[in-house]
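Observations on the model geometry
The primary structure of each chain is shown beneath.
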Amino acid sequence: MLCSHGLSAHREIRQPDPNGIPVRQCSLPFEPLFCGRLGFSVFLNFEAARFRMNTITNIAAYKFASLIDLKPLRERLIRDCKQWGLKGTILLSPEGINLFTAGARPDIDKLLAELRAVPGLESLEVKFSESDHQPFHRMLVKIKREIIAFGVEGIEPVRNPAPRIAARELKQWLDEGRPVTLLDTRNDYEVKLGTFRNAKVIGIQHFRNFPDAVRRLPAELKQQPIVTFCTGGIRCEKAAPFMIREGFEQIYQLDGGILKYFEECGAAHYDGECFVFDQRVGVDPTLHETESAQCHACQTPLTATDQLDTRYVAGKSCPYCYRSTEEQRAAWEAFNKAMGNERYALEWCSYREAAEAGVKAMMTEADKLMSHPSVKQAFEHFILMCELTKEQQNGS
């Protein structure tokens, strides 16, 4: 039976209550306890412990360092991470490491111990946050040419780093009203969720566009103090030295990025939240997950207000990519005209509408089928086998 606290029965007891509360029948999954104030206190501690056991620890880290023997390291990391039940992505490169990983705290600690045993990664610094669910689908360890794609030769953060400014020092500058330009090096869709107050947005869709965007900045900025910032700091490791090479004289990079600033300074001088590259989509200045979502069609981050828009259909469209039937028809007609197929435009549109209706019906049936537990389990096993086969083909 259940006690007054709703705990399932393991043994049934009756105890007089020294606190003056009437005797109650109580069943608890641990040693006999008072069911009065003391019992309720124990229950709260029990619930708190259970919450901690269910909490997922998320880590983000990077370090520029000369790494060797990447293939054996990759094999060891993918084996151990899967054994420990961790999920996320680790990028390895001759220039260093970049990772976003989540799991139980003891297993995260095992991963960090293993990484810090690698020559060059002894001082790997990590940013922590927590969530009540696993934000990643699987565990990936990849070897890349760069740990952050930039595409500009000669930028070497290890040999020629830019000056750093700590989060608390930047806050002090802003508190004092010092003349400084905060330059957001992130992509436009990330900035949409939030940025520093009065920050200058660089206006790019991919970090590889950053060099051209810098060259379009006003010439007078080259003599002014500028602090570059991004999510966790890794992009600024290349953005800031590049700007110095382009002739900007007073460049600083925010050490640890927005996430470190949140950790040490909270919401001071910042408006909104911070976009993160996992299922959480956004975290607030307390580093907790927000209500933001991401459109599966166009990948645009969506605020809670965006999700109330009638054009938002989960998994299909949002206010930023929605097109009415007439707009879709017009777009396809324009495309076909541009391709020199005007005579087939209307016919193609009608075929496309029929195809979309067929696909929609198929997906509806598939959703019904996937709701059955055994089918879902079989499908997940199939996906796992596909991933293992792909890894074997890639020589993993």
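Bear in mind the structure is a predicted one, so any value in this text is a computation, not a measurement.

**Side note on the overall build of the chain**
On a plain count of helices and strands, the chain comes out with 11 helices and 18 strands. For the chain, the proportion of its 396 residues judged to be buried stands at 40%. Here the chain has roughly 22,500 Å² of accessible surface; of this, 54% comes from carbon and sulfur atoms.

**Some words on the sheet that holds strand S11 (residues 200–201)**
If you walk across this open sheet you meet the 5 strands as S8-S13-S12-S9-S11, and the pairing is parallel. If you trace the sheet from one side to the other, it starts and ends with strand S8 (164–165) and S11, each paired once. Pairing of strand S9 (residues 181–184) with strand S12 (residues 225–229), which is carried by 4 bridges, proceeds in the parallel orientation. Its bridge partner being in S12, Thr 181 is matched across the sheet by Ile 226. In the packing of helix H7 (residues 236–245) onto the sheet, contacts are made with S8, S9, S12 and strand S13 (250–254), and the angle to S13 comes to roughly 180°.

**So, helix H8 (residues 257–265)**
Taken as a whole, H8 has its buried residues at Gly 257, Ile 258, Leu 259, Tyr 261, Phe 262 and Cys 265. Positive phi appears at Gly 266, one or two residues downstream of H8, with a value of about 65°.

**Brief notes about the pattern of salt bridges**
Taken as a whole and judged by the stated rule, the model has 24 salt bridges. Connected via shared salt-bridge partners are Glu 95, Arg 145, Glu 146, Glu 153 and Lys 238.

**Structural notes on the environment of His 288**
Note on placement: His 288 falls in the loop between strand S16 (282–283) and strand S17 (293–294). With 157 residues separating them in the primary sequence, His 288 and Ser 131 have C-alpha atoms 7.0 Å apart. Contacts of His 288, omitting those with residues within four sequence positions, involve Gly 282 and Val 283. Engagement of the side chain of His 288 in a polar contact is seen with the side chain of Thr 286, the distance being 2.8 Å.

**Points about the packing of aromatic side chains**
All told, the structure shown has 12 aromatic pairs when counted by the stated rule. Residues Phe 262 and Tyr 270 carry aromatic rings whose centres are separated by 4.9 Å and whose planes lie at 85° to one another, so their mutual orientation is edge-to-face. Exposure class is identical for Phe 262 and Tyr 270. Each is buried. An aromatic cluster of at least three residues, connected via ring pairs, comprises Phe 196, Phe 229, Tyr 261, Phe 262 and Tyr 270.

**Here we look at unusual backbone geometry**
A positive phi angle, close to 70°, is found at Leu 287, a residue other than glycine. Following the sequence through the fold, Leu 287 ends up in the loop between S16 and S17. Taking the relative accessible area as the measure of exposure, Leu 287 reaches 13% and is therefore buried.

**Points about the packing of helix H2 (residues 70–84) against helix H3 (residues 105–116)**
When two helices pack together, their arrangement is captured by the angle between the axes and the distance separating the axes. Running from N to C, H2 and H3 point in directions that differ by 165°, and their axes come no closer than 10 Å. Compared by their axis directions, H2 and H3 come out roughly antiparallel. Helix-helix and strand crossings are classified by hand; for H2 and H3 the assignment is right-handed. Between H2 and H3, the contacting residues are Arg 76, Leu 77, Asp 80, Cys 81 and Trp 84 on the first element and Asp 107, Lys 110, Leu 111, Glu 114 and Leu 115 on the second.

**Some words on the sheet that holds strand S3 (residues 56–64)**
Strand order in the open sheet formed by 5 strands is S6-S3-S5-S4-S7, with mixed pairing between adjacent strands. In this open sheet, the two edge strands, each paired with only one partner strand, are strand S6 (126–131) and strand S7 (139–143). Geometrically, the sheet is characterised by an average inter-axis angle of 10° between neighbouring strands, direction not taken into account. As defined by bridge partners, strand S4 (residues 87–93) adjoins S7 across 5 bridges and the pair is classed as parallel. From the neighbouring strand, Leu 92 faces S7, where its bridge partner is Ile 143. Where H3 meets the sheet, its contacts fall on S3, S4, strand S5 (96–103) and S6, and the angle it forms with S5 comes to roughly 165°.

**Quick word on the side chain of Arg 280**
Structurally, the position occupied by Arg 280 is in the loop between strand S15 (274–275) and S16. Polar side-chain contacts of Arg 280 include one of 2.9 Å to the side chain of Ser 129. With residues up to four places along the chain from it excluded, the contact list for Arg 280 reads Asn 58, Ser 129, Ser 131, His 133, Pro 135, Glu 289 and Ser 292.

**Observations regarding the state of the cysteines**
Inspection of every chain in the model, using the stated rule, returns 0 disulfides. This cysteine, Cys 236, is not joined by any disulfide, and Cys 230 carries the nearest cysteine sulfur, 3.8 Å off.

**Regarding the environment of Cys 298**
Residue placement: Cys 298 occurs in the loop between S17 and strand S18 (301–302). By relative accessible area, which is 29% here, Cys 298 ends up partly exposed. When sequence neighbours within four positions are dropped, the list of residues in contact with Cys 298 reads Cys 318 and Cys 321.

**Looking at the confidence of the model for the chain**
A residue-level look at the chain finds 69% of positions with pLDDT of 70 or above and a mean pLDDT of 81. Below a pLDDT of 50 lies the segment residues 1–35, which in the model reaches 63 contacts outside its immediate sequence neighbourhood of four places, other chains included. The low-confidence segment residues 46–51, where pLDDT is below 50, has 2 contacts with residues more than four positions distant or belonging to other chains.

**Digging into H3**
Across its 12 residues, H3 extends 16 Å between first and last C-alpha, which sits within 8% of the 16 Å expected from 1.5 Å per residue. Buried residues of H3: Asp 107, Ile 108, Leu 111, Leu 112, Glu 114 and Leu 115, and no others. Summarising the axial view, the buried residues of H3 lie within an arc of 160°, below the 170-degree limit, and thus occupy one face. Where H3 is buried, its residues contact S3, H2, S4, S5 and S6.

About the cut-offs
- Residues numbered from 1 in each chain as written.
- Predicted model: local features only at pLDDT ≥ 70, side-chain atom pairs only at ≥ 80, totals over all residues.
- Heavy atoms only, no water.
- Helix = DSSP H or I, 4+ residues; strand = E, 2+ residues; numbered from the N terminus.
- Buried < 20%, exposed > 50% of the residue type's maximum accessible area, 1.4 Å probe, protein only.
- Areas by Shrake-Rupley, 256 points an atom, 1.4 Å probe, with all protein chains shown as cover.
- Pairing = 2+ DSSP bridges.
- Contact = heavy atoms within 4.5 Å.
- Axes fitted to C-alpha atoms, helices over the stretch in contact; angles between N-to-C directions.
- Salt bridge = Lys/Arg side-chain N within 4 Å of Asp/Glu carboxyl O.
- Polar contact = N/O pair within 3.5 Å; in protein donor to acceptor, adjacent residues only side chain to side chain.
- Phe/Tyr/Trp six-rings, centres within 6.5 Å; stacked < 30°, edge-to-face > 60°.
- Parallel < 35°, antiparallel > 145°, perpendicular 65-115°, else oblique.
- Left-handed = near helix turned anticlockwise from the far one by under 90°.
- Disulfide = S-S within 2.5 Å.
- pLDDT = per-residue confidence, 0-100.
- Expected span 1.5 Å × (residues − 1).
- Arc of directions from axis to C-beta.

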